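The lines below spell out each chain.
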Amino acid sequence: MSASTRALRAFAEADLSGLVDVWAAAWSATGLPIDFEARRAWIDDRLRSLRADSADIVVGLGARDEPAGFVTIDPISGHLDQLCVAPAERGSGLASALLNEAKRRSPGTVELDVNEANGRARRFYEREGFSIVGRGVSPHSGLPTLKMRWRAES
């Protein structure tokens, strides 16, 4: 299935536990030195907080119509806080489909922070038209991050 034909839908409350599972599995697969299983409560709270702050959460569906990925985007600021796909979905086009939906919902710019050590994610964002515009440190993990930005072509 191509990125343009991946099934996406709006978040429903019943998706929350499945999205936490996807997040923990996706981050655990990065090899970063963090116990992501122990951070399940954090992502649960984070997703609830993003929703309360009017961020859109878009769910990508797997082969059996189960949540297999998601993206969060603030449609006002263009800040992308989370983009995760299940490890089994790597290379399937789901991440690109979710990112394209975030771009569609953004005000012409999408900004995000990515862990500097997450080379796979950095390469993905660069292929998708993002540029590095700054550096920082994650307030959650203490790891170095890169600020990346995409702008719609005029």
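The structure presented is a predicted model; accordingly, all values stated were derived computationally and were not measured.

## Comments concerning the packing of aromatic side chains
A complete count under the given rule lists six aromatic pairs for this structure. On the basis of an interplanar angle of 50 degrees and a centroid distance of 6.4 Å, the ring pair of Trp23 and Trp27 is categorised as tilted. Remark: Trp27 and Trp23 occur in helix α1 (residues 16–28); sequence separation between them is four residues, near one turn of the helix. The buried category is assigned to Trp23, whose relative accessible area is 2%. Connected via pairs of aromatic rings, a cluster forms that spans Trp23, Trp27, Phe36 and Trp42. Here the basic side chain of Arg39 rests over the ring of Trp42, its NZ or CZ set 4.8 Å away from the ring centre.

## Some details on the packing of α1 against helix α2 (residues 40–52)
Where α1 meets α2, the axes come as close as 10 Å, and the angle between the chain directions of the two elements is 125 degrees. In terms of orientation, α1 lies oblique with respect to α2. As for how α1 packs across α2, the hand of that crossing is right-handed. Listed contacts from α2 to Leu16, Leu19, Val20, Asp21, Trp23 and Ala24 of α1 are Arg40, Trp42, Ile43, Asp44, Leu47 and Arg48. Across the contact of α1 with α2, the residue classes tally to eight nonpolar, no polar and four charged.

## Considerations on a positive patch on the surface
A cluster of basic side chains, namely Arg90, Arg120, Arg123 and Arg127, defines a positive patch on the protein surface. Among the structural elements, Arg90 can be located in the loop between β4 (80–85) and α3 (94–105). A relative accessible area of 35% means that Arg90 is categorised as partly exposed.

## Digging into the pattern of salt bridges
One pass over the structure, following the stated rule, counts 13 salt bridges. Between Arg46 and Asp81 there is a salt bridge, and its shortest N-O distance comes to 2.6 Å. Of this pair, Arg46 sits in helix α2 while Asp81 sits in strand β4, and the two are 35 residues apart along the sequence. Its relative accessible area of 23% is what places Arg46 among the partly exposed residues. With a relative accessible area of 19%, Asp81 lands in the buried category. Salt bridges here are not isolated pairs; linked through shared partners, they connect Asp56, Glu101, Arg104 and Arg105.

Cut-off values and rules
- Residues numbered from 1 in each chain as written.
- Predicted model: local features only at pLDDT ≥ 70, side-chain atom pairs only at ≥ 80, totals over all residues.
- Heavy atoms only, no water.
- Phe/Tyr/Trp six-rings, centres within 6.5 Å; stacked < 30°, edge-to-face > 60°.
- Helix = DSSP H or I, 4+ residues; strand = E, 2+ residues; numbered from the N terminus.
- Buried < 20%, exposed > 50% of the residue type's maximum accessible area, 1.4 Å probe, protein only.
- Lys NZ or Arg CZ within 6 Å of the ring centre and 35° of its normal.
- Axes fitted to C-alpha atoms, helices over the stretch in contact; angles between N-to-C directions.
- Parallel < 35°, antiparallel > 145°, perpendicular 65-115°, else oblique.
- Left-handed = near helix turned anticlockwise from the far one by under 90°.
- Contact = heavy atoms within 4.5 Å.
- Nonpolar A, V, L, I, M, F, W, Y, C, P; charged D, E, K, R; others polar.
- Patch = residues over 30% accessible without salt bridge, like charges linked within 9 Å, V, L, I, M, F, W, Y side chains within 5 Å.
- Areas by Shrake-Rupley, 256 points an atom, 1.4 Å probe, with all protein chains shown as cover.
- Salt bridge = Lys/Arg side-chain N within 4 Å of Asp/Glu carboxyl O.
- Lys, Arg positive; Asp, Glu negative; His and termini not counted.
- Charge placed at Lys NZ, Arg CZ, Asp CG, Glu CD.

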